[in-house]
Amino acid sequence: MRVVIERLSKTYRERSGQSVEALQSIDLGVEEEEFLAIVGPSGCGKSTLLNIIAGLLTPSEGGVFFEGLRDGARPPTAMVFQEFALFPWRTVLGNIEFGLEERGVAAGERQETARRLIELVGLAGFEAKYPHQLSGGMRQRVGIARALAVDPAVLLMDEPFSALDAQTRQLLQVELLSIWERTRKTILYVTHNIQEAVFMADRVAVLSRRPGRLIALVPVELKRPRRETMLGEPAFIQTVDLIWGLIKADAQQALVEGGL
């Protein structure tokens, strides 16, 4: 499903009464089945943007529109968070079934869907395990499967691998891309890691320092399926350098404007 973000801004009001502008006039189109990464410095509003798309926050101005739906209608979206956010009293199977259970799906259908996704994310044999019995990477696989269980039109991922060690993170990047190739969901993926963004995405949206503005949409000219050997290709290195240059230039401009 195509997502259109038009003139989207968000301002928070603190308890002191002071206003804090998080996002400023974002215009962005995300194509159907596209894997779009969003990068930018800490505090630039990346997570706020995802929460607005998910319907968890209301924008101060502008809006998010899903093509093919009547005005005001929302497609099913699902979020994968940085924290694993699993229910410790539920098994792997039970965690994955949760969203379907909330929707009133029959027990047999819930189990069939959950078991299929357990196979998809490589957790066959761990259906009866509890979160404390799993590694960090396995817990995040459960989170991904739980999000996919509700068959979202748009999958939102907020730094899902940032709490993992480097080796596990790289392995899960490849696994997520494999899952995306098979499901072809529209994915918006927030990360601080430029290399991760370029390795995984079709395009990278670069946000400025707060208030977050869209600096650039950078296409990634790497073939799919992605392979780890591509990390040394000139196209990969040049794209990483371009994005880092945009973020660094924005930071330097902010210092100049701040008189530092």
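As a starting point, this report considers the structure included with it. (Residues numbered from 1 in each chain as written. Predicted model: local features only at pLDDT ≥ 70, side-chain atom pairs only at ≥ 80, totals over all residues. Heavy atoms only, no water.)

### What about the sheet that holds strand β6 (residues 154–158)?
Then, number 1: Judged by pairing direction, the sheet is mixed, and its six strands sit side by side in the order β5-β6-β7-β3-β8-β9 without closing on themselves. Strand pairing shows two members of the sheet lacking a second neighbour, β5 (77–80) and β9 (214–219), which therefore form its edges. Sheet twist, expressed as the average angle between the axes of neighbouring strands with direction ignored, equals 20°.
Then, number 2: Against the sheet, helix α1 (residues 46–53) makes contact with β3 (35–39), β5, β6, β7 (186–190) and β8 (203–207), and its axis sits at roughly 155° relative to β6, the strand it touches most.
Then, number 3: Its contacts with the sheet place helix α4 (residues 136–149) against β5 and β6, and it is angled at close to 175° to β5. (Pairing = 2+ DSSP bridges. Helix = DSSP H or I, 4+ residues; strand = E, 2+ residues; numbered from the N terminus. Axes fitted to C-alpha atoms, helices over the stretch in contact; angles between N-to-C directions. Contact = heavy atoms within 4.5 Å.)

### What to know about the pattern of salt bridges
Then, number 1: All told, the structure shown has 12 salt bridges when counted by the stated rule.
Then, number 2: Of the charged contacts, one joins Glu 31 and Arg 2 as a salt bridge, the two residues approaching to 3.1 Å between their closest N and O atoms. Taken as a pair, Glu 31 in the loop between β2 (19–30) and β3 and Arg 2 in the segment before β1 (3–13) lie far apart in primary sequence, 29 residues in all.
Then, number 3: Accessibility expressed as a relative area gives 36% for Glu 31, which makes it partly exposed.
Then, number 4: For the salt bridge of Arg 2 with Glu 67, the shortest nitrogen-to-oxygen distance reads 2.8 Å. With a gap of 65 residues between them, Arg 2 in the segment before β1 and Glu 67 in the loop between β4 (61–66) and β5 connect regions that are remote in the sequence.
Then, number 5: The class of Arg 2 is partly exposed, set by a relative accessible area of 25%.
Then, number 6: A relative accessible area of 45% means that Glu 67 is categorised as partly exposed.
Then, number 7: Linked through salt bridges whose partners overlap, the residues forming this network are Arg 2, Glu 31 and Glu 67. (Salt bridge = Lys/Arg side-chain N within 4 Å of Asp/Glu carboxyl O. Buried < 20%, exposed > 50% of the residue type's maximum accessible area, 1.4 Å probe, protein only.)

Geometric descriptors of this kind do not, in isolation, establish any biological role.
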